[in-house]
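Below, each chain spelled out in residue letters.
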Amino acid sequence: MAHSARRDSPKLPDFSLLKRLAKDQLVYLLEQLPGKKDLFIEADLMSPLDRIANVSTLKQHEVDKLYKVEYKPIVSTSDQLCFLIRPRIKTVKWICDVANADKAAGRFRRYKIIFTPQKFYACESVLEEQGLFGDVTTDEWSFYLLPLDDDIISMELPEFFRDNFLAGDQRWVRTAGSTLHLLHSIYGPFSKIYGIGRCSKMVYESWREQVEEEETKARQAEIGNVFLIDRDVDFVTPLCSQVVYEGLVDDIFKIKCGCVGFGTDATSDKNVKVMLNSQDKVFNEIRNEHFSNVFGFLSQKARNLQTAYDKRRGMDIKQMKTFVSEELKGLKQEHRLLSLHISASETIMKKKTKQDFQEMLKTEHSLLEGFEIRECISFIEEHIIRLVSMIESLRLLCLLSITENGLLPKDYRSLKALFLQSYGVEHLLTFANLKQLGLLVEQQPGETLTAMESKVGKLVNDKTAGKLTDAFSSLAKKSNFRALSRKLNLVPKSDEEYNLRVPRDMAYIFSGAYIPLSCKLIEQVLERGGWTGLEEVTRLLNGHEFSVTGLLIRRYICREIK
Amino acid sequence: MSFITANWNPLGDAFYRKTELYDMCWNLRDSGLRDSLVAAAHYGGPIALLREPQRRSPSSRPQLEIYLASGISITSFPWKSGPVVHIGWTVTDELLCVQEDGSVLIYNLFGSFKRHFSMGQEVVQSQVLEAKVFHSPYGTGVAIVTGSSRFTLATNIDDLKLRRLPEVPGLHGKPSSWLVLTQDRQTKVILSNGPEMFVLDNTSCTPVCPPGLSPQYGSVVHMCVSFSYKYLSLFTDTGHLWTGSSNLQDKLSIVDTKKKTTPNQMVWCCRPQSQQLSVVLMWDRLLLVAGICGDTIQFPVDDPCVLVGELDGVRIINSTNQDLLQEVPLVCQDIFKIASMAPGALLLEAHREYEKSSQKADEYLREIKEQSMLGEAVRQCVEAAAHEYDANTQKSLLRAASFGKCFLVDFSPDQFVTMCRELRVLNTVRDGAVGLPLTHTQFKQLTLQVLIDRLVYRQFYPLAIEICRYLKIPDYQGVSRVLKHWASCKVQQKDLSDEAIARAVCVKVGDAPGVSYSDIAAKAYECGRTELAIKLLDFEARSGEQVPLLLKMKRSQLALSKAVESGDTDLVYTVVTYLKNELNRGDFFMMLRNQPVAQSLYRQFCKLQEQETLKDLYNQDDDHQELANYYITASYREKRLETRLSVLQKAVDEFNKAKNEFAAKATEEEMRLLRFQRKLDDEKGAGLLGLSLQETMEVLLSLGLHKHTEQLYRDFRLPDKRYWWLKLKSMAEKHEWEELEKFSKSKKSPIGYLAFVDVCMKSNNKSEARKYVSKVTPEQKVRAHMVIGDLEGAADAAIERRNDSEMGAVLSRCSTADCLLIDRLNRARVSASKK
């Protein structure tokens, strides 16, 4: 992701427009409830909101106090309460509890719920059930996209994946469609749209529907190509450990909404929140570098800085004056960032150069290449037994399952048993969910699979069958990773030395072990101008590919940045 | 042409003219308009006649007739309801018939009954004496005065709110005259009772005295208000006509008409920017136009007629023809007045001479150009054309304008072009067959949209579409709208089969933008044609639109699948909620079963809202796996151990049914673990309950409960690896180094000995760690040495194993101080690579 250093790449559309739009709309919504009010914000909306409107903007529009939604009784003295939430039933129920408690206490307040990015009927029906439909006013803040950087925009909807792929709840599809529509209406028509995956196709259709509902004006296209890719097309990429600087920072400090909180280990003083984007010049240069290069770069940078500082010596008063007024501030800033990133790198070094991490990388690479699987399994076993990290154990298990097209029943059972003993029996549910998603499955004897397919096939005679099969697809789906990897040459041959300093392909982000499937797909489709020639690949990916010309490629919307 | 001023009559400094609009096509037998209730709608709307409303016997009922403004009959039928007091038209061309008992019946243009409403219960007894239909910015209203002399108002019949006005002191029976006016957003009644006058509003009844109307003029017997509610005129029993503002603040004039009898009808005749306002009064034999300047014009009348006040004049309808009486617009005066020197007049003359090929044309043109008035002249001609009713006059004016335009540079042709188009449309709708005698001023006020609506109400669909296309109105507002109306009307044709109608609609409407098939289908359903509605819904491209109607028609299955198809989950959810209330549980679940999308949506909802339903849902589907998962989740909500165990037992049963032996066994073990933890918590207060097996053992070990640990190890058949790891960690943490050593020797370690080195180093015990380095397998030797920081040992091991990458790894850890070592390693590497 992030910046394209190529000189011939076209200029980026101005994504700050999205921010302005969202801000204006929020202000308008706040003004709709005149007078002082307390604002309750859902926890996962805090950071995105911060990027759109800061506290002083909110205060300007008569927001008195800010609270986080914590699902507890509230302690507000205001007569007007405003809730800024995602359309989730749980939150709405909590608001109902708040309102009902006030009623019982004989307290009169005004309540307003602002749903973002849209409201759902289900939420409103909760209000109705609780008899509060009239007491609580609702509104929508159509804040669909948050520009995280000059060239990354995100919907910031983490539950999309779970709802859509696990629960089969397609309510966000329309939201994604509206998002495309928003882009389309701001940045003009897209010249071409490519997509793969059932969900992408539905998103595309939903968007088309919305476009057709209104009259279109011909205008300059700022966005060329659009790619829609289902997450389940490429599970492998997010399952691998990242070894570029930005990825490691994310692993250790967690980047949220383009913002990272460096803990005390990385900085001398307490928590520092830093925005990580291309505005940060130091970060911008190292974010996509393999970690092994980062130190060299940073020390070079430090030397440059020193020379720049050293310029002071031998200056006369006048020169000194211009130096102080023009350069010093920039240098100071750079200095600060540099020291921050250096200490962050040190922390990363401490954690990641340990033997464990090295072995985990080795295991991942073996899994990707399909060598020494037994050793990998025993590594994973040990990993589970020693309680190294639950998430990483699961990640390795999933990677094993996907690359090996499911686990052997014997391994599946023993690994699962080990895991349950380590982390508790409640993870039976975790495994059930992973199985449902096709992330961690048992190898099926051939027959069972065809039985399932024919069952699905029988239902394929009415119109809705497409959607029906979708519900089963995760069950019937084979991951086909090996075949894909051969076809698209995703795993570079390991016998050659991989030069991480001058990478020859995208595999550098995984130390030369793997080229991300989604990126490879985009490359291939762009080279061919469509899916022709990739029939075998799309078949392996379960089909649902489409491309539409005459509409709108360049950036793709990162639903999930890993 | 030259006689264009022939019908002009001077009134003060203005002129009034009477233009014939139509020879009426109707054939009103001998009685004509006499003995009928007549209602003629404004803006050239339809005319309704209720003939001989007094007739009440069943054998001879009054006849209700509806005509276009040109007298073409639309419908006629005998009146079978109660006695009618008053009839009037609404702004949307619907006929209101106010009955004596206070009920108001609404009919459409084609005489079909729409609905009715009542003006209040008390009216049934007291009866309506008089009623008036009036128009205000809020819509069409009805006012009545009852036998008990009370007034009741409904300001907007589409949003019925009855208002009973306060009592008028001293009023018995009906007042001598009254009317309704809208002022300052308030609807009031002005009435006269003998010598007194009152204004009635919502709360009060105020006596008023119009300025300058002293008692000597007698009492008011008739009154009327202007089209815009701006002016009021009062007629007294001494024959005087008082005119003034309708708020009774200013007087305009008092004119003596010298007629003592009360006029049959009195109507204001004015236009926007009138020079000379006037009131038209009509008696049996005389039509009098009384200007406020005091001048009058008289027209003889020999046939009973009806006056219709319009925005810019008065229509006079009698049994044979219809005229428009209006003040001649200033621009027409300027052009046509004899010997006028106005630029427009000169231009018209110039063009006339030009047509005759006379050089005089040039002279006239020069004259205009010298005064640089050519632009003005063109504008005048165009404007005058708008006000002329005769097509030839329009043409000559427009030709003159076009001629004048040729001599102008930079003159925008927009006004000219628009006018030509609009006049063409107006001339078409004025045609007797369409019968909408609109003036240009009225047309502008009415707007094109409304004109098209009116054509649509009259079912002139092709003409309406032609006009939309001709004036290039965007499809959404134009053609599509007309088609929608057409289709809604089409589906009501009872004589055609469903199939034929559906086909006809599809062919005509096609995929015109903005026409919603679901709306048309809704109409069909309203008319009781469910099958047709379903056929029409099939044409609807947006499946979301089909859903509400399908639900209404109780086609829930279809509605659900359409909702799913639409991809709009809100819609699916709506249908699901509806079905939930509508169907019994079994049917509801069965239906969901066939719609996985809807089912998963409903499950999501149940997970958050109705856990119990979720269980039923899984039960219905025999989904034992999910049911078991449900119990597992539920077990965590139970506080008491016994209930928790019983819930877990249910989970075990379900897992067994689902043939998931693994999960069943895991759950059973969990139950066993819980019991074990409970026992130990009771005995030793270890706080184990709820921990995982591993955590439990860790706690046990740290508490030194080795026997219990052993027991768990055996009971749960823990892998040796895990057991060794646990022991190892716990001993190292407690620094039990001797124990550790003993343990390492108890049997061969299943986890190797590197782990021993690691745990020792974690506690920074290098000497203990060293003990185990020798035991490590050859492959791990180098690593083991490096862990304890013994570079030399590592180097030896690596050299011994001749492993290049290991040597590299050791090299990378060497600092500059270890130059000897580096040297050795490098040499070993070289020799290793040679071999």
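See above for the structure.
Presented here is a report on the structure given in the accompanying data block. (Residues numbered from 1 in each chain as written. Chains lettered and ligands numbered in written order. Predicted model: local features only at pLDDT ≥ 70, side-chain atom pairs only at ≥ 80, totals over all residues. Heavy atoms only, no water.)

**Quick notes on the packing of aromatic side chains**
Per the stated rule, a full pass over the model turns up 35 aromatic pairs over all chains. An angle of 70° between the planes, with centres 6.1 Å apart, marks the rings of Y71(A) and W94(A) as edge-to-face. Here W94(A) lies in helix α4 (residues 89-104) and Y71(A) lies in the loop between β2 (63-68) and β3 (80-85), a separation of 23 residues in the sequence. Judged by its relative accessible area of 6%, W94(A) is buried. Here F120(A) and W172(A) contribute two aromatic rings whose centre-to-centre distance is 5.2 Å and whose plane-to-plane angle is 75°, an arrangement assigned as edge-to-face. Highlighted residues: F120(A) in the loop between β4 (110-115) and α5 (121-129) and W172(A) in helix α7 (residues 171-187), separated in sequence by 52 residues. Just as F120(A) is buried, W172(A) falls in that class too. A network of ring pairs unites the aromatic residues Y121(A), Y573(B), F588(B), F589(B), Y602(B) and F605(B) as a single cluster. A cation sits over an aromatic face here: K132(B) above W178(B), 4.7 Å from the ring centre. (Phe/Tyr/Trp six-rings, centres within 6.5 Å; stacked < 30°, edge-to-face > 60°. Helix = DSSP H or I, 4+ residues; strand = E, 2+ residues; numbered from the N terminus. Buried < 20%, exposed > 50% of the residue type's maximum accessible area, 1.4 Å probe, protein only. Lys NZ or Arg CZ within 6 Å of the ring centre and 35° of its normal.)

**Observations concerning helix α17 (residues 569-582) of chain B**
Along an α-helix, residues three or four apart share an orientation, since each turn contains 3.6 residues. Between the first and last C-alpha of α17(B) there are 19 Å, a value that for 14 residues agrees with the 20 Å anticipated at 1.5 Å per step. Along α17(B), the positions that sit buried rather than exposed are T569(B), L571(B), V572(B), Y573(B), V575(B), V576(B), T577(B) and L579(B). Packed against the buried residues of α17(B) are α5 and α7 of chain A together with α15 (543-552), α16 (556-566), α18 (585-593) and α19 (596-609) of chain B. (Expected span 1.5 Å × (residues − 1). Contact = heavy atoms within 4.5 Å.)

**As for the side chain of E159(A)**
Residue and element names in this part refer to chain A. Within the fold, E159 resides in helix α6 (residues 159-166). Its relative accessible area of 13% is what places E159 among the buried residues. Beyond its immediate chain neighbours, meaning those up to four positions away, E159 contacts D44, R88 and W172.

**Examining the sheet that holds strand β28 (residues 313-318) of chain B**
All names here are of chain B. Taken in spatial order, the five strands make up an open sheet running β1-β2-β29-β28-β27, and their pairing is antiparallel. Strands with a single pairing partner mark the edges of an open sheet, and in this sheet they are β1 (8-11) and β27 (305-310). When the angles between neighbouring strand axes are averaged without regard to direction, this sheet yields 25°. Of the pairings in the sheet, the one linking β28 to strand β29 (residues 321-327) comprises four bridges and is antiparallel in character. (Pairing = 2+ DSSP bridges. Axes fitted to C-alpha atoms, helices over the stretch in contact; angles between N-to-C directions.)

**Remarks on the interface of chain A and chain B**
Counting residues at the interface gives 48 residues for chain A and 43 residues for chain B. Taking both partners together, chain A and chain B bury about 4100 Å²; carbon and sulfur atoms supply 58% of that area. On the chain A side of the contact with chain B, Y121(A), I385(A) and Q421(A) bury the most area, a combined 16% of that side's loss. At the junction of chain A and chain B, the tally comes to one salt bridge. Close ionic contact of K721(B) with E381(A) constitutes a salt bridge, the shortest N to O distance being 3.7 Å. For the side of chain A that touches chain B, the element with the most residues is helix α17 (residues 409-423) of chain A, which contributes eight residues. The residue inventory of the side of chain A that touches chain B, partitioned by class, reads 18 nonpolar, ten polar and 20 charged. (Buried area = accessible area lost by both parts, 1.4 Å probe. Salt bridge = Lys/Arg side-chain N within 4 Å of Asp/Glu carboxyl O. Nonpolar A, V, L, I, M, F, W, Y, C, P; charged D, E, K, R; others polar.)

**Overview of the pattern of salt bridges**
Using the criterion set out here, one finds 48 salt bridges over all chains in the structure. For the salt bridge of K520(A) with E523(A), the shortest nitrogen-to-oxygen distance reads 3.6 Å. Taken together, the residues span about one helical turn, with K520(A) and E523(A) both in helix α22 (residues 517-528) at a distance of three residues. Judged by its relative accessible area of 11%, K520(A) is buried. The closest approach of N and O atoms between R678(B) and D682(B), which form a salt bridge, is 3.8 Å. With a gap of four residues between them, R678(B) and D682(B) both fall in helix α23 (residues 661-684), about one helical turn apart.

**Brief notes about the packing of helix α9 (residues 448-457) of chain B against helix α10 (residues 461-470) of chain B**
Residues and elements named next belong to chain B. At a minimum axis separation of 8 Å, α9 and α10 run at an interaxial angle of 160°. As summarised for this structure, α9 and α10 are arranged roughly antiparallel, according to the angle between their axes. As for how α9 packs across α10, the hand of that crossing is left-handed. Note on element contacts: α10 touches α9 through Y461, L463, A464, I467 and C468, opposite L448, I452, L455 and V456. Here the residues of the contact of α9 with α10 sort into nine nonpolar, no polar and no charged. (Parallel < 35°, antiparallel > 145°, perpendicular 65-115°, else oblique. Left-handed = near helix turned anticlockwise from the far one by under 90°.)

**Topic: empty space enclosed by the protein**
All names here are of chain B. Its boundaries defined by the atoms lining it, the second largest cavity holds a volume of some 70 Å³. Lining the second largest cavity we find 13 residues, and of these R17, L324, Q326, H387 and T439 sit closest to its centre. At the level of secondary structure, the elements contributing two or more residues to the lining of the second largest cavity comprise β2 (14-23), β29 and α5 (374-387). Among the residues making up the lining of the second largest cavity, the classes are represented as four nonpolar, five polar and four charged. (1 Å grid on protein atoms, 1.4 Å probe; cavity = no way out; pocket = protein on both sides within 12 Å on 5 of 7 lines; lining within 4 Å. Points joined across faces, edges and corners; volume = space filled by probe spheres on them.)

**Notes on unusual backbone geometry**
Residue P117(A) is bonded to the preceding T116(A) through a cis peptide linkage, with omega at 0°. Mapped onto the elements, P117(A) comes out in the loop between β4 and α5. One non-glycine residue, Y71(A), adopts positive backbone phi at about 60°. The class of Y71(A) is partly exposed, set by a relative accessible area of 32%. Even without being glycine, D93(B) reaches a positive phi, approximately 55°. Within the fold, D93(B) resides in the loop between β7 (84-89) and β8 (95-99). The buried category is assigned to D93(B), whose relative accessible area is 3%.

**A short note on the pairing of strand β1 (residues 37-41) of chain A**
Residue and element names in this part refer to chain A. Most of β1 is tucked away, with five of its five residues classed as buried. Residues of β1 alternate between two faces, with K37, L39 and I41 on one and D38 and F40 on the opposite face, all of them buried. As paired elements, β1 and β3 share four bridges and run parallel to each other. Considered in β3, the bridge of D38 is made with L81.

**Some points on α7(A)**
Residue and element names in this part refer to chain A. Compared with the 24 Å implied by 1.5 Å per residue over 17 residues, the 25 Å span of α7 between its first and last C-alpha is a close match. With 15 of its 17 residues buried, α7 lies for the most part within the structure. Directly after α7, the chain includes G188, whose backbone phi takes a positive value near 80°.

**Observations regarding the pairing of strand β9 (residues 103-107) of chain B**
All names here are of chain B. Across the five residues of β9, five count as buried, placing the element largely inside the fold. A two-sided burial pattern is seen for β9, the buried positions comprising S103, L105 and Y107 on one face and V104 and I106 on the other. Both β8 and β9 contribute to a ladder of four bridges, which runs antiparallel. Within β9, the position partnered with V98 by the bridge is V104. Hairpin connection of β9 to strand β10 (residues 113-118): five residues between the antiparallel strands, including G111 at a positive phi of 75°.

**Here's the deal with the nonpolar core**
By size, the foremost hydrophobic cluster in this structure holds 284 residues, and its most contacted members are Y514(A) and L347(B). Leaving out residues up to four positions away in the same chain, Y514(A) has contacts with D234(A), V236(A), T237(A), C240(A), L368(A), F481(A), L490(A), V491(A), P492(A), M506(A) and A507(A). Counting residues in each nonpolar core, the second largest holds 28 residues, with V145(B), L153(B), M197(B) and L213(B) among its members. (Core = buried A, V, L, I, M, F, W, Y, C linked by side-chain atoms within 4.5 Å.)

**Details of the environment of V123(B)**
All names here are of chain B. Looking at where V123 falls in the secondary structure, it is placed in helix α1 (residues 122-126). Along the chain, V123 and D101 lie 22 residues apart, while their C-alpha atoms are 6.0 Å from each other. Ignoring sequence-local partners within four residues, the contact set of V123 consists of E100, D101, G102, V128, I144 and T146.

**Notes on the sheet that holds β8(B)**
Residue and element names in this part refer to chain B. Strand order in the open sheet formed by four strands is β7-β8-β9-β10, with antiparallel pairing between adjacent strands. Strands with a single pairing partner mark the edges of an open sheet, and in this sheet they are β7 and β10. Neighbouring strand axes in the sheet, compared pairwise and without regard to direction, differ in orientation by 20° on average. Here β9 runs beside β10; their pairing, made up of five bridges, is antiparallel. The residue of β10 that forms the bridge with V104 is F117.

**Re the packing of helix α26 (residues 720-733) of chain B against helix α27 (residues 737-746) of chain B**
A pair of packed helices is captured by two measures, namely the crossing angle of their axes and the spacing between those axes. Residue and element names in this part refer to chain B. Where α26 contacts α27, the axes come no closer than 9 Å and their chain directions differ by 160°. Classified by the angle between their axes, α26 and α27 sit roughly antiparallel to one another. The handedness of the crossing between α26 and α27 is left-handed. Contacts between α26 and α27 involve W724, K727, L728, M731 and A732 on the former and, on the latter, W737, E739, L740, F743, S744 and S746. Taken together, the residues of the contact of α26 with α27 break down into seven nonpolar, two polar and two charged.

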